[in-house]
Amino acid sequence: MKKLRVGVLASGRGSNLQAIINASESGKIPAEVAVVISDNAEAPALDRAREHGIPAVYLHPPYYQSKEEYEQRIVLELREYGVELVCLAGYMRLVGRVLLEEFPNRIMNIHPALLPSFKGLHGQRQALEYGVRYSGCTVHFVDSGMDTGPIILQAVVPVLPEDGEEELAARILEREHVIYPEAVRLFAEGRLRVEGRKVIILPGEE
Ligand code: GAR
């Protein structure tokens, strides 16, 4: 099967990027990371890409006149590498019109909470402060809102009484690293169909 070409946008640590790289290199998903783009020159995600021989591109946002111009440059890079699916992995910017129009229902994001709860920054801290008993993570398609697009997969973890933000974040992250590659796999196998707010998962061969 031809491998799906994935472009990853990441601003920081890149552990989700690593999970996707590992799953693709080990043949668990019929996909390959074609390029990693970051808005942060210091992002460890860029080093992770380089270590795996994946093109790592830093784009300096202040250099561009507008968000549109910045995203046009991202689109050029993604086209250059033949990207078919864009994965946001700790990308700390709201995606704008230019990227959305170029990749309709072809941009995914991972969020460290059970959407639609605790959108935006610090999803884990918000969950702790709210006092929920369960939280988790969500992979969703990106639309023009913040963390509002159609949900692909979710995983649930308990919130334990002794949890601080770090403990809860670590428990959630472990699940992120499972469901993100899984969502990419479903996409690569052509098994995700978006109908309004809902994502239908079509049956596979297994
Ligand atoms: C992850 O926990 C991801 O869910 C979160 O940032 C972290 C990035 O970690 N994303 C968001 O909060 C987006 N709103 P990583 O760089 O190690 O993948």
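Up top is the structure these notes are about.
Just so we're clear, the structure is a prediction, and the values are computed from it rather than from any experiment.

## Some thoughts on the site of the ligand
For the ligand, the full set of nearby residues is Arg 13, Gly 14, Ser 15, Asn 16, Gly 90, Met 92, Ile 110, His 111, Pro 112, Gly 120, Leu 173 and Glu 176. Contact with the protein chains hides 89% of the accessible area of the ligand, taken as 450 Å² for the molecule alone. Broken down by secondary-structure element, the contributors of at least two residues to the shell around the ligand are α1 (15–25), β5 (107–111) and α6 (165–188). Class assignment for the residues of the shell around the ligand results in four nonpolar, six polar and two charged.

## Looking at the packing of aromatic side chains
Enumeration according to the criterion identifies four aromatic pairs in this entry. Grouping aromatic residues by their ring pairs yields a cluster made of Tyr 63, Tyr 64 and Tyr 70.

## Focus: the sheet that holds strand β3 (residues 56–58)
Judged by pairing direction, the sheet is mixed, and its seven strands sit side by side in the order β3-β2-β1-β4-β5-β6-β7 without closing on themselves. Among the strands making up the open sheet, the edge pair consists of β3 and β7 (151–158). Across the sheet, the mean angle separating the axes of adjacent strands is 20° when strand polarity is ignored. Inspection of the sheet shows strand β2 (residues 31–38) paired to β3 by three bridges, in the parallel sense. Across the sheet, residue Ile 37 finds its bridge partner in β3, namely Val 57.

Cut-offs used in this document
Residues numbered from 1 in each chain as written. Predicted model: local features only at pLDDT ≥ 70, side-chain atom pairs only at ≥ 80, totals over all residues. Heavy atoms only, no water. Near = heavy atom within 4 Å. Areas by Shrake-Rupley, 256 points an atom, 1.4 Å probe, with all protein chains shown as cover. Helix = DSSP H or I, 4+ residues; strand = E, 2+ residues; numbered from the N terminus. Nonpolar A, V, L, I, M, F, W, Y, C, P; charged D, E, K, R; others polar. Phe/Tyr/Trp six-rings, centres within 6.5 Å; stacked < 30°, edge-to-face > 60°. Pairing = 2+ DSSP bridges. Axes fitted to C-alpha atoms, helices over the stretch in contact; angles between N-to-C directions.

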